[in-house]
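Here are the chains, one letter per residue:
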Amino acid sequence: MNDFILVQDRHNALELSDADVQWLCDRRAGVGADGILRAVKAGCMPDWNGDPNLWFMDYRNADGSTAQMCGNGLRLFVRYLMDEDLAPRDEVHVATRAGERTVWELFDGRLRATMGRVRLGDRPTWVVLGDQRFDEAMPADVGNPHAVVALDGITALRRLDLTQHIELDPTVFPEGANVEFVVEEGPGRIRMRVQERGVGETFSCGTGVVASAAVMLRRATGEAQGHCDVSVRGGHLSVHLVPDESFLTGPAVVVARGEVTMPD
């Protein structure tokens, strides 16, 4: 799965510059992570107009940029709140830049999160990866933008070099997007790789998993509804789609706690 650094900053007192985030996420110089999660009381966030008593998930990509939503980060955020007795273990409401989300702990320890309505584009767009051009990428929005590219088989997926620069149609994605490459493995089963905006290739992407499931279900059945199991480099996630909501289910584990001294 993805890995994150989570910092509790109840009163929104911690100012992290882009350089601070980049250092913390650096896997050689810093701690190492795909991004930073900051737990802030929603009432202390100036742009939040909802319940001030919620916890707000402030997510930053590894390059320091701000992201609207992170599906795998959301589950880890709630796992941390539960472990620290900052939230109940049955149903937790979280404030995010993409709106309020709800997370439940299942009997097997996994967490299920609402991800909002998936908005799919009506027409394909193009994606360029290195010297490869894909003209049938489907735009999808899960609180943040995605371009989903369906490939013909697992060999094509494995051969992709996602260290290469990706170009997108700026008229469709003026702020960039996460790009998912997907193959169908069977009815309701897909495999995915992703290059995340501001990060590069990661082992998973929760919103990308939901976007890919919606695109591939619509491709197979004509409707972006139903259940889909998604395999990524970091493990397995499950997606359930209904007309006005999507649900992402998977594990979330806090693996270490500690302190770090920032460089001057």
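Since we're looking at a predicted model, the values are computed, not measured.

Comments concerning the overall build of the protein
Here is step 1 of the chain: In terms of regular secondary structure, the protein is built from four helices and 17 strands.
Here is step 2 of the chain: Over its C-alpha trace the protein gives a radius of gyration of 18 Å, about what one expects of a compact globule, namely 18 Å for 264 residues.
Here is step 3 of the chain: With respect to the principal axes defined by its C-alpha atoms, the protein has extents near 50 × 40 × 30 Å.
Here is step 4 of the chain: The buried share among the 264 residues of the protein stands at 49%.
Here is step 5 of the chain: Partitioning the intrachain contacts of the protein with sequence separation of at least 6 by distance along the chain shows that 61% fall at a separation of at least 24.
Here is step 6 of the chain: Separation of charge centres in the protein, based on 27 positive and 40 negative side chains, amounts to 4 Å.

A word on the pairing of strand β13 (residues 189-196)
Here is step 1 of the chain: Most of β13 sits inside the fold, with six of its eight residues counted as buried.
Here is step 2 of the chain: When strand β12 (residues 178-186) meets β13, the two strands line up antiparallel, connected through seven bridges. Within β13, the position partnered with Glu-184 by the bridge is Ile-190.
Here is step 3 of the chain: Turn length for the β12-β13 hairpin, with the two strands adjacent in sequence and antiparallel, is two residues, and the turn residue Gly-188 shows positive phi of about 70 degrees.
Here is step 4 of the chain: Sheet topology places β13 next to strand β15 (residues 226-232); three bridges connect them, and they run parallel. The residue bridging Arg-191 from the neighbouring strand is Ser-231, located in β15.

So, the pairing of strand β6 (residues 111-114)
Here is step 1 of the chain: Bridge analysis of strand β5 (residues 99-105) against β6 gives three bridges, and the strand direction is antiparallel. What sits directly across from Val-103, in β6, is Ala-113.
Here is step 2 of the chain: Hairpin connection between β5 and β6: a loop of five residues separates the two successive antiparallel strands, and Gly-109 in this loop has a positive phi of roughly 95 degrees.
Here is step 3 of the chain: Both β6 and strand β17 (residues 245-250) contribute to a ladder of four bridges, which runs antiparallel.

Some points on helix α2 (residues 71-83)
Here is step 1 of the chain: For α2, built from 13 residues, the straight-helix expectation of 18 Å at 1.5 Å per residue is met to within 8% by its first-to-last C-alpha distance of 19 Å.
Here is step 2 of the chain: Counting buried positions over the 13 residues of α2 gives 12, a clear majority of the element.
Here is step 3 of the chain: For α2, the complete set of buried residues consists of Gly-71, Asn-72, Gly-73, Leu-74, Arg-75, Leu-76, Phe-77, Val-78, Arg-79, Tyr-80, Leu-81 and Met-82.
Here is step 4 of the chain: A positive phi of about 55 degrees marks Asp-85, the residue just after α2.

Details of the pattern of salt bridges
Here is step 1 of the chain: Tallying each qualifying case throughout the model produces 14 salt bridges.
Here is step 2 of the chain: Between Asp-9 and Arg-38 there is a salt bridge, with its nearest N and O atoms 2.6 Å apart. Linking Asp-9 in the loop between β1 (4-8) and α1 (18-25) with Arg-38 in strand β2 (residues 35-41), this pair joins segments that are 29 residues apart in sequence.
Here is step 3 of the chain: Classification of Asp-9 by relative accessible area gives buried; the value is 7%.

Considering the environment of Ile-166
Here is step 1 of the chain: Relative to the assigned elements, Ile-166 resides in strand β11 (residues 166-168).
Here is step 2 of the chain: Along the chain, Ile-166 and Gly-130 lie 36 residues apart, while their C-alpha atoms are 6.7 Å from each other.
Here is step 3 of the chain: The contacts of Ile-166, once residues within four sequence positions are left out, are Val-127, Val-128, Leu-129, Val-179, Phe-181 and Gln-195.

About the thresholds
- Residues numbered from 1 in each chain as written.
- Predicted model: local features only at pLDDT ≥ 70, side-chain atom pairs only at ≥ 80, totals over all residues.
- Heavy atoms only, no water.
- Helix = DSSP H or I, 4+ residues; strand = E, 2+ residues; numbered from the N terminus.
- Rg over C-alpha atoms; globule rule 2.2 N^0.38 Å.
- Buried < 20%, exposed > 50% of the residue type's maximum accessible area, 1.4 Å probe, protein only.
- Contact = heavy atoms within 4.5 Å.
- Lys, Arg positive; Asp, Glu negative; His and termini not counted.
- Charge placed at Lys NZ, Arg CZ, Asp CG, Glu CD.
- Pairing = 2+ DSSP bridges.
- Expected span 1.5 Å × (residues − 1).
- Salt bridge = Lys/Arg side-chain N within 4 Å of Asp/Glu carboxyl O.

Take it as geometry only, folks, not as evidence of what the structure does.
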